[in-house]
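For reference, the chains in residue letters:
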Amino acid sequence: MASTSQWRRPMGTRDTREPHRVATPLELLFDLCFVVAIALVAQLLHHAVTDGDVVHGLVAYLTVFFSVWWAWMNFTWFASAYDTDDVAYRLTTLVQIAGVLVLAAGVTDAFHGHFGTVTVGYVIMRAALVTQWLRASAGDPGGRSGGRRTARRMAAGVSACLVGWSLILLTHGTPHLALFFVMVAAELAVPPWAERDYHTPWHPHHIAERYGLLFIIVLGEIVLSTTLAMQAGFVQDRLWWVAGSGLVIVFAFWWLYFDHPAHRLLVDQRHAFVWGYGHYVVFAAAAAIGAGIAAVVDRPDLSGAPVTIPVAVLLVALWVLHIRPRTWLEPAAAVLVLAATFVGASLVVTAAVLSVLVAARLVLRSRTPVAG
C-alpha cells in the first residue's frame, strides 16, 4: 500500500481549509523556470525601448508575456485543488517544466514574429496539463459527477485551444495577431465555461502565496535593473539617481502588495476569476518597470515614460484588484507619476511619490481600529 500511495494516489480534491498549506518544493522549481522566461521577455522589451522600436516591442512583450503568465496560472490553480505529490503527478509536472524551458528558448524568435518554438513549448505544457485534468476526472474517490464533468470540460477546452494555437502558426502579420487575440479570448473563456455548474476547489491561502511568490519574481526584474544602474554608477556618477530610485520603487511596491492579505479577497469564484485574471496586468507592468529602468541605464537621455507609464499602470491595477479598503491614494499617485514624465529627474519624482504613498498608507492604517 505504501508503494502504491507513493507512485500513484487517487486524485481527489484537497481540503480548501487545510492548515499551513504552503508552496511545495516542486512548485518552487516550477517558478524558478519561469524566472528565465520572464527575464528574457523583459530583456527584449528593454532592447526594443532602447532601439526606439517601442510599439512593436510593446505588442510583442504583451503577447509573449501572456503565454508565460497563462501557463503559470493554469498550473497554479490546478495544483491548489489536485496536488497529490505522487510520482505520477511529479513526472507530469516536470514535463510541464520542460515545456516552460522550450517556450523560454523561443522568446527571442517570438519577439521577431516567429512563434514556432514558443508554440511547441506551450503545447508541451498544455498537453501535460490535459493529462492532469483527465486524471482528475477519473480520480475523484467521492464520485462527484460535477467535479468529473468540470475536469473533462477543462481537458476538452485546453485540447481545443491547442489545436487553435497550432493552426494560427500558418498565418503571418496582421491576421496572425488578430487570431492571437481570438485564441486569448478562447483560453480565458475555458475555465468559466468548464466551471459553470461546479467550481474546482482551491485553497485561498495557497493561491495568495503562489501569486505573491510570482510577484516577487517580477520585482526581481526591477532589482536586476537597479543593480545594473549601481554598476554603471561607479563609471557614470549621474546614474546613481537611477539606482536609488529603482531601489525605492521596488521597496514601495513590495510594501504595497504584501501589506494587504490577498486571501481575504478570494471569497468566491467570481472574485477569484477577476483577481486571478487581473494579475496579468500586475505582473506584466511590474516586469515592464524593470525593462524601463534598464533602458534608462543604457540611454540616460531617454524620457521617463518607459518607467512612469508601467508604474502608473501597476498602481491602478493594485488599487482595483488588491488594495482594501480603497481610497483615492493610488489613482492620485498614478496621475502624479504620469505627470512626472514631463519633468526632469522623473525617476526621482516617481520614487518620491511612491514613498509618500507608502507613508500615507501607514498613517491611515494606524488610524484604523484593529478588529477584535
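About the cut-offs
Residue indices follow the written sequence of each chain, beginning from 1 at its first position. Given that this is a predicted model, residues contribute local features only at a pLDDT of at least 70 and side-chain atom pairs are listed and counted only at 80 or more, while totals for whole chains, interfaces and linings are drawn from all residues. Note that the side-chain values use all heavy atoms of the structure and ignore hydrogens as well as water. Under the scheme used here, helices are H or I runs from DSSP no shorter than 4 residues and strands are E runs no shorter than 2 residues, and both carry numbers assigned from the N terminus. We compute the radius of gyration over the C-alpha atoms and compare it with the globule rule, which gives 2.2 Å times the number of residues raised to the power 0.38. Each residue's exposure class comes from its accessible area (1.4 Å probe, protein chains only) as a fraction of the maximum for that residue type: buried when under 20%, exposed when over 50%, partly exposed otherwise. Contact definition: two residues touch when any of their heavy atoms are within 4.5 Å. Surface exposure here means Shrake-Rupley accessible area, sampled with a 1.4 Å probe, where a residue is shielded only by the protein chains that are shown. Between the rings of Phe, Tyr and Trp (Trp by its six-membered ring), a pair exists once the centres lie within 6.5 Å; its type follows the angle of the planes, with under 30 degrees stacked, over 60 edge-to-face, and the other angles tilted. Think of each axis as a best-fit line through the C-alpha atoms, taken over the contacting stretch in the case of a helix, with angles from 0 to 180 degrees between the N-to-C directions. Roughly parallel refers to an angle under 35 degrees, roughly antiparallel to one over 145, roughly perpendicular to one between 65 and 115, and oblique to any angle outside these ranges. Working rule for handedness: look at the near helix, and if it is turned counterclockwise from the far one by less than a right angle, call the crossing left-handed; if clockwise, right-handed. Side-chain classes follow a simple rule in which Ala, Val, Leu, Ile, Met, Phe, Trp, Tyr, Cys and Pro form the nonpolar group, Asp, Glu, Lys and Arg form the charged group, and the remainder, Gly included, forms the polar group. Here the expected span of a helix is defined as 1.5 Å times the quantity of residues minus one. Only buried residues count toward a nonpolar core, which is a set of Ala, Val, Leu, Ile, Met, Phe, Trp, Tyr and Cys residues joined through side-chain atoms within 4.5 Å. By definition here, a salt bridge exists when the distance from a side-chain nitrogen of Lys or Arg to a carboxyl oxygen of Asp or Glu is within 4 Å. The patches reported here contain residues having more than 30% relative accessible area and no salt bridge. Joining distances are 9 Å for like charges and 5 Å for nonpolar side chains (Val, Leu, Ile, Met, Phe, Trp, Tyr).

### Remarks on the overall build of the protein chain
Regarding its fold elements, the protein chain presents 14 helices and 0 strands. Seen in sequence order, the protein chain has helices and strands lined up from the N terminus as α-α-α-α-α-α-α-α-α-α-α-α-α-α. What you see for the protein chain is a C-alpha radius of gyration of 22 Å, in line with the 21 Å of a compact globule of 372 residues. Relative to its 372 residues, the protein chain shows a buried fraction of 53%. Across the protein chain, contacts joining residues at least 24 apart in sequence account for 79% of those joining residues at least 6 apart. Summing over all exposed atoms, the protein chain offers an accessible surface of approximately 16500 Å²; the carbon and sulfur share of this is 70%.

### A look at the packing of aromatic side chains
The final tally for this structure, using the stated rule, is 30 aromatic pairs. Site record: aromatic cluster; members linked through ring pairs are Tyr 61, Phe 65, Phe 66, Trp 69, Trp 70, Tyr 122, Trp 165, Phe 180, Phe 181, Phe 273, Tyr 277 and Tyr 280.

### Some details on unusual backbone geometry
Phi is positive for His 20, close to 60°, though the residue is something other than glycine. With respect to the helices, strands and loops of the structure, His 20 is situated in the loop between α1 (2–7) and α2 (25–50). Judged by relative accessible area, His 20 falls into the exposed class, the value being 78%. One non-glycine residue, Asp 85, lies in positive phi territory at about 55°. Structurally, the position occupied by Asp 85 is in the loop between α3 (54–82) and α4 (87–105).

### Here's the deal with the packing of helix α10 (residues 240–258) against helix α14 (residues 346–367)
One way to put it is that α10 packs onto α14 with a least axis distance of 9 Å and a crossing angle of 30°. The angle between α10 and α14 falls in the class roughly parallel. The two elements α10 and α14 meet at a crossing, and its hand is left-handed. Every residue of α14 that contacts α10 at Trp 241, Val 242, Ser 245, Val 248, Ile 249, Ala 252, Phe 253, Trp 255 and Leu 256 is listed here: Leu 347, Val 348, Thr 350, Ala 351, Leu 354, Ser 355, Leu 357, Val 358, Arg 361 and Leu 362. When the residues that make up the contact of α10 with α14 are grouped by side-chain class, the tally is 15 nonpolar, 3 polar and 1 charged.

### Looking at α4
Compared with an ideal rise of 1.5 Å per residue, which puts 19 residues at 27 Å, α4 spans 27 Å between its outermost C-alpha atoms and is within 8% of the ideal. Within the span of α4, buried status applies to Val 87, Ala 88, Tyr 89, Thr 92, Thr 93, Gln 96, Ile 97, Gly 99, Val 100, Leu 103 and Ala 104.

### Structural notes on the packing of α3 against helix α6 (residues 116–139)
Working note: a packed helix pair is described by the angle between its axes plus the distance between those axes. Two numbers describe how α3 lies on α6: the axes approach to 11 Å, and their chain directions differ by 20°. Classified by the angle their axes make, α3 and α6 are roughly parallel. Along this stretch, α3 crosses α6, giving a crossing that reads as left-handed. In this structure, α3 contributes Ser 67, Trp 70, Ala 71, Asn 74, Phe 78 and Tyr 82 to the contact, and α6 contributes Tyr 122, Met 125, Arg 126, Leu 129, Gln 132, Trp 133 and Ala 136. By residue class, the composition of the contact of α3 with α6 is 9 nonpolar, 3 polar and 1 charged.

### Some remarks on the nonpolar core
Ranked by internal contacts, the top residues of the largest apolar core, which has 112 residues, are Phe 65, Phe 215, Phe 253, Phe 283 and Leu 315. In terms of residue count, α3 provides more of this core than any other element does, 17 residues in total. Non-local contacts of Leu 315, meaning those with residues more than four positions away in its chain, are made with Phe 253, Leu 256, Glu 330, Ala 333, Ala 334, Val 337, Leu 354 and Leu 357.

### Let's talk about the pattern of salt bridges
Applying the stated rule across the entire model yields 9 salt bridges. Among the salt bridges present, the one from Asp 301 reaches Arg 299, with a minimum N-O distance of 3.0 Å. Judged by its relative accessible area of 57%, Asp 301 is exposed. A relative accessible area of 31% means that Arg 299 is categorised as partly exposed. Residue Arg 361 pairs with Glu 330 through a salt bridge whose shortest N-O separation is 2.9 Å. Of this pair, Arg 361 sits in helix α14 while Glu 330 sits in helix α13 (residues 329–339), placing them 31 residues apart in sequence. On the accessibility criterion, Arg 361 (8% relative accessible area) is buried. It is possible to trace a salt-bridge network through shared partners that takes in Glu 27, Asp 31 and Arg 210.

### Section: a nonpolar patch on the surface
The grouping of Leu 29, Leu 32, Val 35, Leu 91 and Leu 94 at the surface amounts to a nonpolar patch, some 410 Å² of accessible area in total. Among the secondary structure elements, those contributing two or more residues to the nonpolar patch are α2 and α4. By the secondary structure assignment, Leu 29 is in helix α2. Here Leu 29 falls in the partly exposed class, since its relative accessible area comes to 37%.

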